[in-house]
Amino acid sequence: MQTRVNPTRMELTRLKRQIVTARRGHKLLKDKQDELIKTFIEMVKENKRLREEIEKDLEMAFRNFTMARSQMPQEVLEESLMIPSARISIDIGKQNIMSVNVPKIKINKEEGSNIYSYGLATTSAELDSAITILSGMLDKMLKLAEIEKACQLMADEIEKTRRRVNALEYVMIPSMEETIKFITMKLDENERSNITRLMKIKQMVMEG
Amino acid sequence: MSMYKIAVVGDKDTVLAFKSLGVDIFPVLNEKEANFTITKLAKENYAVIFVTEQVAKEIPEKIAQYRNQMIPAITLIPSNRGTLGIGIGEVKKSVEKAIGVDILFGREGEE
């Protein structure tokens, strides 16, 4: 594919400069893509590991919790959990990984050292153990949220970068090359016809 | 840096367990409620929203909507009825999107 241009020297110079820029851009983007993918693979491995771990732990916690629920009346259970003693909020910072902004979560715990918000008399031991597992897991779950978000954002960026790299590599640069070739050939052609013309005129002058 | 909150959205029995940790819980019963709740939470100061897979299954568009935004981060968790594999599927989707082929999970079959 070749863009329609005037075959002039000026156009040729302009295009040659443009193709240099395009090639440099392509190289930079390609490097960025490689690095992004490298980081991404590391992160996604961590993501997978963390998720599997959390799903397993959560299952255990829920099993305990279900046990607790079956041993206690619904109202008592809800009442016990009604007023949590801990209060958690988070700070979100930004981290820049290869021009992708990913969230960085920092946890602020305001607590009572006691995670059990209830008296021990009416509740069962299974509830305690469920709560203990869960509270230990929260940090990990937030870590998962963070890393999973980062992975999603990076996947997006990689896709975008790849599209740009491909557009440069397979469309823009070849089309420019072709146009340059076209102009060069046209200019050469003009030159040749000019020479022939001059020779012809010279011959006519000499004969005349 | 400002303060953000954490929310857990899911069926009542699942989210109740999280109550004592100090995160905010939002029990939802159906698709409509779930959509509404998540929209509301995203507008408020919730940066991390854990959604159970059972609920997420019903509202894939809503979940996808926040995929490309930095905040909120919607993370799927299994409910008390066990995992449906959607969460891990999302990770897989990311990999396929980024690399084109599934390099992490394909190997599992051989092992």
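What comes next concerns the included structure. It should be emphasised that the depicted structure is a prediction, and the values quoted were computed from it without experimental measurement.

1. Description of the packing of aromatic side chains
No. 1: For the coordinates displayed, the defined rule picks out two aromatic pairs over all chains.
No. 2: Taken together, a centroid distance of 6.1 Å and an interplanar angle of 75° make the contact between Phe 62 of chain A and Phe 18 of chain B edge-to-face. Placement of Phe 62 of chain A in helix α1 (residues 9-71) and of Phe 18 of chain B in the loop between α1 (12-16) and β2 (24-27) is noted, with the two residues assigned to different chains. Residues Phe 62 of chain A and Phe 18 of chain B agree in their burial class; the two are buried.
No. 3: Residues Phe 26 of chain B and Tyr 46 of chain B carry aromatic rings whose centres are separated by 5.7 Å and whose planes lie at 90° to one another, so their mutual orientation is edge-to-face. Note that Phe 26 of chain B is positioned in strand β2 and Tyr 46 of chain B in strand β3 (residues 46-52), a separation of 20 residues in sequence.
No. 4: Phe 26 of chain B sits in the buried class, given a relative accessible area of 18%.

2. Re the interface of chain A and chain B
No. 1: Taken together, the contacts link 54 residues of chain A with 51 residues of chain B.
No. 2: Summing both sides of the interface, chain A and chain B together bury roughly 4700 Å²; the carbon and sulfur share of this comes to 67%.
No. 3: Here chain A is connected to chain B by one salt bridge.
No. 4: A salt bridge links Lys 97 of chain B to Asp 156 of chain A, with the nearest nitrogen and oxygen atoms 2.3 Å apart.

Conventions adopted
- Residues numbered from 1 in each chain as written.
- Chains lettered and ligands numbered in written order.
- Predicted model: local features only at pLDDT ≥ 70, side-chain atom pairs only at ≥ 80, totals over all residues.
- Heavy atoms only, no water.
- Phe/Tyr/Trp six-rings, centres within 6.5 Å; stacked < 30°, edge-to-face > 60°.
- Helix = DSSP H or I, 4+ residues; strand = E, 2+ residues; numbered from the N terminus.
- Buried < 20%, exposed > 50% of the residue type's maximum accessible area, 1.4 Å probe, protein only.
- Contact = heavy atoms within 4.5 Å.
- Buried area = accessible area lost by both parts, 1.4 Å probe.
- Salt bridge = Lys/Arg side-chain N within 4 Å of Asp/Glu carboxyl O.

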